[in-house]
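# Working through the structure, step by step
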Amino acid sequence: MSEAVLRTARMALRPVREDDVDRLCLLNSEPGVMRYLDRRPPSRDAVEAEVAELLRHRARHAGFGRFVAEDDGGTFLGWFGLLSDGAGVPELGYRLRRGAWGKGLATEGGRALVDHAFELGVERVVAEAMAVNAGSRRVLEKCGLRHVETFHVPFDDPLPGTEHGEVRYEITRTDWLRSRGADGVVLPGA
């Protein structure tokens, strides 16, 4: 069975599969990748359980889920995700290998998934990050999302910067359509 693949200028985004566990474990273990997420990378068992849940999520929510990003040569770059936040609103997320940082790939993949979500008919897309994660906040803004709230969550073992809170971003269908212009072409600066 052929998998649906989203394509960007430099990447193919395909649904995560069971055989991606090793790549995901490698990604999580790279220095700096988990800096704003956890002190330790998740165990292999935890990644296997996460992939199993992602496969169940995809079965319930056609067109959504986690997508493995590969370059044109098939090199694993990381992942992008559109997962339901529990209220049926897709939440944008991503994680890239260090070698893919600073090349605009996070913005490229994020924009592709935002477009994909609205093409599937959603009314808004949300995302969250640590307030101190300036890089991710810039990516979200470049993907058209805007900051809507800063909030605080208690953690048993808070990461450095947790005291500044978490931030929520969103883009609505109206804002997305406005950024595309009357003819559907993305407007400069959008």
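Just above sits the structure.
Okay, so let's go over this structure.

Cut-offs applied
Residues numbered from 1 in each chain as written. Predicted model: local features only at pLDDT ≥ 70, side-chain atom pairs only at ≥ 80, totals over all residues. Heavy atoms only, no water. Phe/Tyr/Trp six-rings, centres within 6.5 Å; stacked < 30°, edge-to-face > 60°. Helix = DSSP H or I, 4+ residues; strand = E, 2+ residues; numbered from the N terminus. Buried < 20%, exposed > 50% of the residue type's maximum accessible area, 1.4 Å probe, protein only. Lys NZ or Arg CZ within 6 Å of the ring centre and 35° of its normal. Axes fitted to C-alpha atoms, helices over the stretch in contact; angles between N-to-C directions. Parallel < 35°, antiparallel > 145°, perpendicular 65-115°, else oblique. Left-handed = near helix turned anticlockwise from the far one by under 90°. Contact = heavy atoms within 4.5 Å. Nonpolar A, V, L, I, M, F, W, Y, C, P; charged D, E, K, R; others polar. Salt bridge = Lys/Arg side-chain N within 4 Å of Asp/Glu carboxyl O. Polar contact = N/O pair within 3.5 Å; in protein donor to acceptor, adjacent residues only side chain to side chain.

This brings us to the packing of aromatic side chains. Applying the stated criterion to the full structure yields two aromatic pairs. Between F118 and W176, the aromatic rings sit 5.0 Å apart at their centres with planes inclined by 20°, giving stacked as the arrangement. Placement of the pair is F118 in helix α3 (residues 105-119) and W176 in helix α5 (residues 173-180), with a sequence separation of 58 residues. F118 gets classed as buried once you look at its relative accessible area, which sits at 2%. The positively charged end of R66 is found above the aromatic ring belonging to W79, 3.7 Å away from the centroid. Here R168 stacks its cationic end above the ring of F151, 4.5 Å away from the centre of that ring.

A separate point is the packing of helix α1 (residues 21-29) against helix α2 (residues 44-60). Packing of α1 against α2 leaves a shortest axis separation of 10 Å and a crossing angle of 125°. Considered as vectors, α1 and α2 are oriented oblique to each other. For the pair α1 and α2, the crossing hand works out as right-handed. In contact with V21, D22, L24, C25 and N28 of α1, α2 contributes R44, V47, E48 and V51. Taken together, the residues of the contact of α1 with α2 break down into five nonpolar, one polar and three charged.

Attention shifts here to the pattern of salt bridges. Enumeration according to the criterion identifies 19 salt bridges in this entry. Taking the shortest distance from any N to any O, the salt bridge between R168 and E128 comes out at 2.6 Å. With R168 in strand β8 (residues 166-172) and E128 in strand β6 (residues 124-130), the pair connects residues that are 40 residues apart, well separated along the chain. Overall, the relative accessible area of 35% leaves E128 in the partly exposed class. With a shortest N-O distance of 2.2 Å, E149 and R168 are connected by a salt bridge. Residue E149 is located in strand β7 (residues 146-151), and its partner R168 is located in strand β8; the two are separated by 19 residues in the primary sequence. By relative accessible area, E149 is classed as partly exposed at 31%. Within this structure, R14, R17, D19, D20, R23 and E70 form a network of salt bridges that share partners.

As a further point, take the side chain of T107. For T107, the location among the structural elements is in helix α3. Sequence-distant contacts of T107, that is, excluding residues within four places in its chain, are made with V139, K142 and C143.

Inspection of the secondary structure assignment puts E108 in helix α3. Residue classification places E108 among the buried positions, given a relative accessible area of 16%. Polar contacts involving the side chain of E108 include one to the main-chain amide nitrogen of A9, which spans 3.3 Å. With sequence-adjacent residues up to four places away left out, E108 is seen in contact with T8, A9, R10 and M11.

Nothing here speaks to function; it is all geometry.
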